[in-house]
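Structural characterization, general
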Amino acid sequence: MNNPSQPPNPQEEFATARAAFAKRDYAHAIFHLGYALMNKPQEPEYLALLNRIISNAREPLTLIQADAKGGMHFSHAAVNAYINAQLGKYEEAVALITQVINVASALQYVPWVGEWLSKPERASKLNGRTVMGLIFAITSKQGEHIADPTLRAAIEKMLPTFAQLRQNNVQDGLFASSTSIILRKMGRVDEAIVVGENGYAATPEYMPAAFLAGAYKAKGNIKMAVKTFQKALIHKPDDTYVRLDLGDILCQDGQYEAGLGYYHEALQIEPDNSWANAHYLYYQALSTQESHWTEDLRAYVAAHPANQQAASLLFKLTTAPFVDYLIAPPDATINMLRQMTEKKSPITQLGLSFLEAPSAMLALQLYNRENGAKEKVPVGVAEIQQPDPRVPLGEVDFVLWKYDGTEPMPAINPPGPQVAEAVAKVAARPYNLEAWQASARKLGAAATPSRLHSLLGVMVHPPPRPPEIPIWDWIQRIQVVASLSIAYIDSGWEGSERRKALFSLAHGPMDWTVGTAVLALTQIALEEPAITPEIEHLCADLMKNAPRLGGVSYMSWLIINTLRLPGLDPEARKELELIRNDMGF
């Protein structure tokens, strides 16, 4: 398979295909139609023309031929698969589309397969091993979770056929186990375990054991995951990959000695294994707190500059989120803005599955204003989480945001110009918590409690940003400086304005400002240990009452800053560390 020198224009390719079809030049028509479908495989008009070509041609499978060098562009191979499916040759169609996905990572064609395999009765025309190849092709291009809604919808259509194939091939445990992978990545973990157990019972071999262990791992059943990975090693004693899985899962669970043992075994088998080398040094440094392991990892990174995983682990070991750097806002809206920034064009409408942080909506509106839009972007929200993220947790003294339905609006006046300028001056500097806190301490001490409203107001009415700082980062930076400044507007604790303000922010509507308040409260607790239990209780309360669905914009702030509190209960610390590992920080 090969690629064209220039990206095809779908509309132009379709126009050429339609003109060729009118002349009954079906081979020429289908050649250009393949390029049109490459970018828009679900376009009804394009598919209608393809179906007409298949109906009119005497031998449609002969319309697509390899080029003089024996190659074929992947879009034409995909169309060839489509033709086979239309002719009822589902085995050939699945095999071809699997090649396309493997060679070109062309997951845009998976919805076609969803239609082909949507009827379980077609299982009789399919070989389980061919479908297994399809499953491997799709899942290898995904992380631990399949999130894309179009891809998920297509896979859901296939699942009944996979179930029928398992019934038709009850002795083929390897196929059954392969379907457990896709079930696991679709979030159907309990079903994946049952299917994986049946698969291993039918075929007690290395791969079914490894797949079943992966399902246990996704369930969070560490004990059974380890036990089943160890079964896989019995079937394949010299395997490196399972040892890496065991090292990962045990070290992430805090069982450092056992996990490091498996990394060591992997290195005995494969001394140059990049994953084992990086993680062995990282977890030695993390578990022993001995500096020479960190230096060994630093030397390894210098000697292996292409090993991005090692560099990431060194960064994680030697820098701390919210101390050395800020974690970027996680909202889907912000991810979209990152993609749109280069285009510098306004966004006309937005649909969200769940309500997001009002600060994310502020970033959206400011982005649009910067790019020439005069009207607010209409934002549709499909579902409101519970507890309702628009409502404070109990009574508070200050509220930054109020809502009109699902539209957030500032609930406090803009800041005075002096406060806005002073906050902006700090926020424009490179982030370092110690340096920012020192500046915020002076800013807060200079601000009388009567100016507290300006420090609150600047959080929702940010001053103009420096051009090199994206609008979403600028809003977050302003909110961090303001929160740290509020921590020093007065002294004492009980009845203090700083306590009222920061607890109000922490208990307020779900927003980035909840996280910045937790950061400021953590800093106060580190300086004044007597209030640490109260801050721990606040953090536990926020964790307990976080919305159950959708993203929680302040969760990384909450987890990581809670872990910074001294004297945290060991069991609570272990649980939070596991969550932090899952979050990748």
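Residues numbered from 1 in each chain as written. Predicted model: local features only at pLDDT ≥ 70, side-chain atom pairs only at ≥ 80, totals over all residues. Heavy atoms only, no water.

**Focus on the side chain of Q437**
- Tracing the backbone through its elements, the reader meets Q437 in helix α21 (residues 433-446).
- By relative accessible area, which is 8% here, Q437 ends up buried. (Helix = DSSP H or I, 4+ residues; strand = E, 2+ residues; numbered from the N terminus. Buried < 20%, exposed > 50% of the residue type's maximum accessible area, 1.4 Å probe, protein only.)

**Topic: the nonpolar core**
- If you look at the biggest cluster of nonpolar residues, it comprises 88 residues, and the most contacted ones within it are L33, I53, Y109, W116, L117 and L134.
- For this core, the element with the highest residue contribution is helix α4 (residues 74-86), accounting for eight residues.
- Every residue in contact with I53, bar those within four places of it in the chain, is listed here: F21, Y26, A29, I30, L33 and L63. (Core = buried A, V, L, I, M, F, W, Y, C linked by side-chain atoms within 4.5 Å. Contact = heavy atoms within 4.5 Å.)

**Considering the environment of G88**
- The residue G88 is located in the loop between α4 and α5 (90-104) in this model.
- Considered as a pair, G88 and E534 are 446 residues apart in the sequence and their alpha carbons are 67 Å apart.

**A short note on the packing of aromatic side chains**
- All told, the structure shown has 14 aromatic pairs when counted by the stated rule.
- Here F322 and W557 contribute two aromatic rings whose centre-to-centre distance is 4.2 Å and whose plane-to-plane angle is 35°, an arrangement assigned as tilted. A residue pair is termed long-range when its members are at least 10 positions apart, and F322 in the loop between α17 (308-318) and α18 (332-340) and W557 in helix α27 (residues 555-563) qualify at 235 residues. The burial state of F322 is the same as that of W557; both residues are buried.
- Measuring from ring centre to ring centre gives 4.8 Å for Y431 and W436, while their planes differ by 80°; the resulting arrangement is edge-to-face.
- Cluster of aromatic residues (ring-pair linked, three or more members): Y256, Y263, Y282 and Y283. (Phe/Tyr/Trp six-rings, centres within 6.5 Å; stacked < 30°, edge-to-face > 60°.)

**Overview of α21**
- For α21, built from 14 residues, the straight-helix expectation of 20 Å at 1.5 Å per residue is met to within 8% by its first-to-last C-alpha distance of 20 Å.
- All buried positions along α21 are accounted for by L433, W436, Q437, S439, A440, L443 and G444. All buried residues of α21 project into a common sector of 165° when viewed along the axis, lining one side. For α21, the exposed residues lying more than 90 degrees away from the buried face are E434, K442, A445 and A446.
- Turning to α21, the residues buried within the fold contact α20 (417-427), α22 (452-460), α23 (471-486) and α25 (512-527).
- The opening residue of α21 is N432, an N-cap whose side-chain oxygen sits 3.1 Å from the backbone nitrogen of E434. (Expected span 1.5 Å × (residues − 1). Arc of directions from axis to C-beta. Polar contact = N/O pair within 3.5 Å; in protein donor to acceptor, adjacent residues only side chain to side chain.)

**Structural notes on the pairing of strand β2 (residues 379-383)**
- Here strand β1 (residues 350-354) runs beside β2; their pairing, made up of four bridges, is parallel. Paired with F354 across the strands is E383, a residue of β2.
- A crossover connection joins β1 to the parallel β2 through helix α19 (residues 358-370); in handedness this β-α-β unit is right-handed. (Pairing = 2+ DSSP bridges. Right-handed = clockwise from strand over helix to strand, strands pointing away.)

**Quick word on the pattern of salt bridges**
- Tallied over the entire structure, the rule returns 17 salt bridges.
- Ionic contacts of the salt-bridge type, sharing partners, join the residues E156, R188 and E191 into one network. (Salt bridge = Lys/Arg side-chain N within 4 Å of Asp/Glu carboxyl O.)

**A word on the side chain of T516**
- Tracing the chain through its elements places T516 in helix α25.
- If we skip the residues at most four places from it in the chain, T516 touches M459, Q476, Q479, V480, S483 and W557.

**With respect to the pairing of strand β4 (residues 407-410)**
- Two strands pair when backbone bridges link them, and strand β3 (residues 401-404) and β4 are joined in this way by four bridges, in the antiparallel orientation. Considered in β4, the bridge of W401 is made with P410.
- Between β3 and β4, which pair antiparallel and follow one another directly, the connecting turn spans two residues, one of which, G405, has a positive phi of 70°.

**Looking at the packing of helix α7 (residues 128-139) against helix α9 (residues 173-185)**
- Between α7 and α9, whose axes approach to 9 Å, the crossing angle comes to 30°. What the angle tells us is that α7 and α9 run roughly parallel. Crossing angle aside, the handedness with which α7 passes α9 is left-handed. Within the contact between the two elements, α7 uses G128, R129, V131, M132, I135, F136 and T139 and α9 uses L174, F175, S178, T179, I181, I182 and K185.
- Counted by class, the contact of α7 with α9 contains eight nonpolar, four polar and two charged residues. (Axes fitted to C-alpha atoms, helices over the stretch in contact; angles between N-to-C directions. Parallel < 35°, antiparallel > 145°, perpendicular 65-115°, else oblique. Left-handed = near helix turned anticlockwise from the far one by under 90°. Nonpolar A, V, L, I, M, F, W, Y, C, P; charged D, E, K, R; others polar.)

**Details of the packing of α9 against helix α10 (residues 189-202)**
- At a minimum axis distance of 8 Å, the contact between α9 and α10 shows a crossing angle of 165°. Here α10 runs roughly antiparallel to α9, going by the angle between their axes. As for how α9 packs across α10, the hand of that crossing is left-handed. Mapping the contact onto sequence places G173, A176, S177, T179, S180, L183 and R184 in α9 and V189, E191, A192, V195, G196, G199, Y200 and A202 in α10.
- In terms of residue class, the contact of α9 with α10 is built from seven nonpolar, six polar and two charged.

**A look at helix α8 (residues 149-168)**
- Helix length check: α8, at 20 residues, gives a terminal C-alpha distance of 29 Å against a target of 28 Å (1.5 Å per residue), a fit within 8%.
- Bending of α8 peaks at approximately 30° at the position of M158, with proline P160 no more than four residues after it.
- Against α6 (110-116), α7, α9 and α10 lie the buried residues of α8.
- For α8, the side-chain oxygen to backbone nitrogen distance between the N-cap and T150 is 3.2 Å, and the N-cap itself is D148. (Bend = angle between axes of the 7 residues up to and from the residue.)

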